Amino acid sequence: MTTVSPPRADPSTRVAVIVLAALVLASLALRLWLLHTAASSAGFSPVDADGYMRNGRLLARGGDGWRWTLDAVHYDWNGRTYLLPPLYPVFLSLFARFSDSYPYSALVGQAGLNALSVLAIFVIAATVHSRRAGLIAAAVYAFWVPNVWTFALFIQEQLYIPLLLAAFALLLRATGTNGPASSFAAAGAAFGCAALTRSMPTYYVTIIAIACTATMRLDNAAPRKAAALVLGFLLVTGPYSVWLSQQTGGFVFIENHAGISIHRYGGTPTPGVPNSGQILGQLFEAFRRDPAGFAGTGATYARALFHVHGDRWLQSYHAGTAEGAAAAKFIAHAAIDLPFMASVVLAPLGAVLARRSREAALLVAWAVLVVMLSTLSTYGGVRYRSPFEPHLIALAAV
């Protein structure tokens, strides 16, 4: 007669805390070792393609006193001046203002934030699946090469992804424990901070609030919780957006660079920086003019979000020997490509088998939204999928 063994118990709280502390420290140590090794080499210079490091110094006024200026969010592209979200330059300016080792100190701060994100992804996966799954997801993300390898980059994601994961941890805890309205307000405020770094959570909060309200027959408190989520979000993002709109003479919510490259769909470009209505108009015009071409362009950028990219890492790594090149090729495929493919394949399975299907649906909704908005904005590649990679990892850790 065959017997079915009972499911293994989740690790105790003490074990989880010890493992998480070890993972955070190990992840931080790896990032700092890579940074120190790179900084010790001749000619080291952080990558700052979009001028964030410069804008952080601009706000700090070279250490002479902090002062806000709209120039810190200006982004010149193709003869137009766009406005970027403000929080990442502000974050960098704190290091420029109070540290003599800027920008190196800012890189260390970024390494610390990303290492601490291990805690947030643990909460996310543990809420959706189990504590054991949370530890698995935390271990994977602690050494997730695409994230670790940004140790010398100044890009929005260095602040955006830690804030985003913290917001999801708060939201899933609020929904998973049927928390009070105040817990949803806290999640909304966290999403607001993330949106001030990259505005995409604005759309997500709106959709989730509408979905919560639609479930009012199942939960009479749902509308109140949805309102708290939106209120927390607006309390963080509203004041800056009102001020920015006054400065520009037109409504601008956080930033206005969403339409920076939608001309690739074939719509007629506007003479200036397009507003939301003009962006939608361009997209509709391009679709009406050539539906097949519109769909083909969108599919191209959607596929680009899921391409393996180990070969791109190899292009930035110069091995001195044939043996070193072979080892680098193995690492690229085994530590970059295979983990991503595994997360893409296993995430749908994890969504189906999740102990808390509602919380799993919240993660799936975010991944779908990012793919849709990135595709419409003609963004593709590993950088633009990084905001939903942790969610795939959490789902896949079932």
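Residues numbered from 1 in each chain as written. Predicted model: local features only at pLDDT ≥ 70, side-chain atom pairs only at ≥ 80, totals over all residues. Heavy atoms only, no water.

(A) How the structure looks around the overall build of the chain. Assigned secondary structure in the chain consists of 17 helices and two strands. A globule of 398 residues ought to have a C-alpha radius of gyration of about 21 Å, and the chain, at 22 Å, matches this closely. Considering only C-alpha atoms, the chain reaches an extent of 80 × 65 × 50 Å along its principal axes. Expressed as a percentage of contacts within the chain between residues at least 6 apart in sequence, the contacts between residues at least 24 apart total 73%. (Helix = DSSP H or I, 4+ residues; strand = E, 2+ residues; numbered from the N terminus. Rg over C-alpha atoms; globule rule 2.2 N^0.38 Å. Contact = heavy atoms within 4.5 Å.)

(B) Structural view of the packing of aromatic side chains. Counted under the stated rule, the structure contains 20 aromatic pairs. Taking 5.0 Å as the distance between ring centres and 65° as the angle between the ring planes, the aromatic pair formed by Tyr52 and Tyr88 counts as edge-to-face. Pair noted here: Tyr52 is in helix α2 (residues 52–60) and Tyr88 is in helix α3 (residues 87–98), with a separation of 36 residues, a long-range link. Here the two residues Tyr52 and Tyr88 agree in accessibility, since each one is buried. Relative to Phe388, the ring of Phe306 has its centre 5.8 Å away and its plane inclined at 45°; by these criteria the two rings are tilted. With Phe306 in the loop between α12 (291–304) and α13 (310–316) and Phe388 in the loop between α16 (382–385) and α17 (389–396), this pair connects stretches of sequence that are 82 residues apart. (Phe/Tyr/Trp six-rings, centres within 6.5 Å; stacked < 30°, edge-to-face > 60°. Buried < 20%, exposed > 50% of the residue type's maximum accessible area, 1.4 Å probe, protein only.)

(C) Up close: the nonpolar core. One finds Phe168, Leu171, Phe191, Tyr204 and Trp366 to be the most contacted residues of the largest nonpolar core, which totals 72 residues. Of all the elements, helix α7 (residues 157–176) adds the most residues to this core, at 10 residues. Every residue in contact with Phe191, bar those within four places of it in the chain, is listed here: Leu164, Ala167, Phe168, Leu171, Pro201, Tyr204, Val205 and Phe233. If you look at the next biggest cluster of nonpolar residues, it comprises 23 residues, including Ala38, Ala106, Phe151 and Leu159. (Core = buried A, V, L, I, M, F, W, Y, C linked by side-chain atoms within 4.5 Å.)

(D) Summary view of the pattern of salt bridges. Per the stated rule, a full pass over the model turns up six salt bridges. With a shortest N-O distance of 3.8 Å, Arg383 and Asp50 are connected by a salt bridge. Here Arg383 is found in helix α16, whereas its partner Asp50 is found in the loop between α1 (13–39) and α2, with 333 residues between them in sequence. The salt bridge involving Arg358 is made with Glu359; its shortest N-O contact spans 3.3 Å. (Salt bridge = Lys/Arg side-chain N within 4 Å of Asp/Glu carboxyl O.)

(E) The packing of helix α8 (residues 181–195) against helix α9 (residues 201–214), seen in detail. With their axes 9 Å apart at the nearest point, α8 and α9 run at an angle of 155° to one another. Between α8 and α9, the angle falls in the class roughly antiparallel. Contacts between α8 and α9 pair Phe191, Ala194 and Ala195 from the former with Pro201, Thr202, Tyr204 and Val205 from the latter. Classifying every residue of the contact of α8 with α9 gives six nonpolar, one polar and no charged. (Axes fitted to C-alpha atoms, helices over the stretch in contact; angles between N-to-C directions. Parallel < 35°, antiparallel > 145°, perpendicular 65-115°, else oblique. Nonpolar A, V, L, I, M, F, W, Y, C, P; charged D, E, K, R; others polar.)

(F) A look at a nonpolar patch on the surface. A cluster of nonpolar side chains, namely Val345, Leu346, Leu349, Val352, Leu353 and Val398, defines an oily patch on the protein surface of about 570 Å² accessible area. Here Leu349 lies in helix α14 (residues 322–353). (Patch = residues over 30% accessible without salt bridge, like charges linked within 9 Å, V, L, I, M, F, W, Y side chains within 5 Å. Areas by Shrake-Rupley, 256 points an atom, 1.4 Å probe, with all protein chains shown as cover.)

(G) Spotlight on the side chain of Ser386. Secondary-structure assignment places Ser386 in the loop between α16 and α17. For Ser386, the side chain forms a polar contact with the main-chain oxygen of Arg383, separated by 2.5 Å. If near-sequence neighbours (up to four positions away) are discounted, Ser386 is found in contact with Glu157 and Ile161. (Polar contact = N/O pair within 3.5 Å; in protein donor to acceptor, adjacent residues only side chain to side chain.)

(H) Summary view of α9. For α9, built from 14 residues, the straight-helix expectation of 20 Å at 1.5 Å per residue is met to within 8% by its first-to-last C-alpha distance of 20 Å. At its buried positions, α9 is contacted by α7, α8, α10 (222–248) and α15 (357–376). (Expected span 1.5 Å × (residues − 1).)

(I) Fine view of empty space enclosed by the protein. In total, this model carries one cavity of 30 Å³ or more according to the counting rule given. Estimates place the volume of the largest cavity at around 50 Å³. As for the largest cavity, its lining consists of Arg31, Leu107, Gln110, Ala111, Asn114, Val148, Thr150, Phe151 and Gln158. Sorting elements by how many residues they give to the lining of the largest cavity places helix α4 (residues 104–128) first, with four residues. (1 Å grid on protein atoms, 1.4 Å probe; cavity = no way out; pocket = protein on both sides within 12 Å on 5 of 7 lines; lining within 4 Å. Points joined across faces, edges and corners; volume = space filled by probe spheres on them.)

(J) Up close: the environment of Phe340. Within the element layout of this structure, Phe340 appears in helix α14. For Phe340, a relative accessible area of 2% gives the class buried. Spatially, the C-alpha atoms of Phe340 and Ile393 are 8.5 Å apart, while their sequence positions differ by 53 residues. Apart from residues no more than four positions distant in its own chain, Phe340 is found in contact with Trp144, Leu305, Phe306, His307, Arg385, Glu389 and Leu392.

(K) Fine view of the layout of surface pockets. In this structure, the largest pocket encloses a volume near 1300 Å³. Together, 42 residues line the largest pocket, and Glu255, His257, Ala258, Ser377 and Tyr379 are the ones closest to its centre. Listed by contribution, the elements that provide at least two residues to the lining of the largest pocket are β1 (74–77), α9, α11 (276–289), α15 and α16. For the lining of the largest pocket, a count of residues per class yields 25 nonpolar, 12 polar and five charged.

From the geometry alone we can't say anything about function, so treat these as descriptive.
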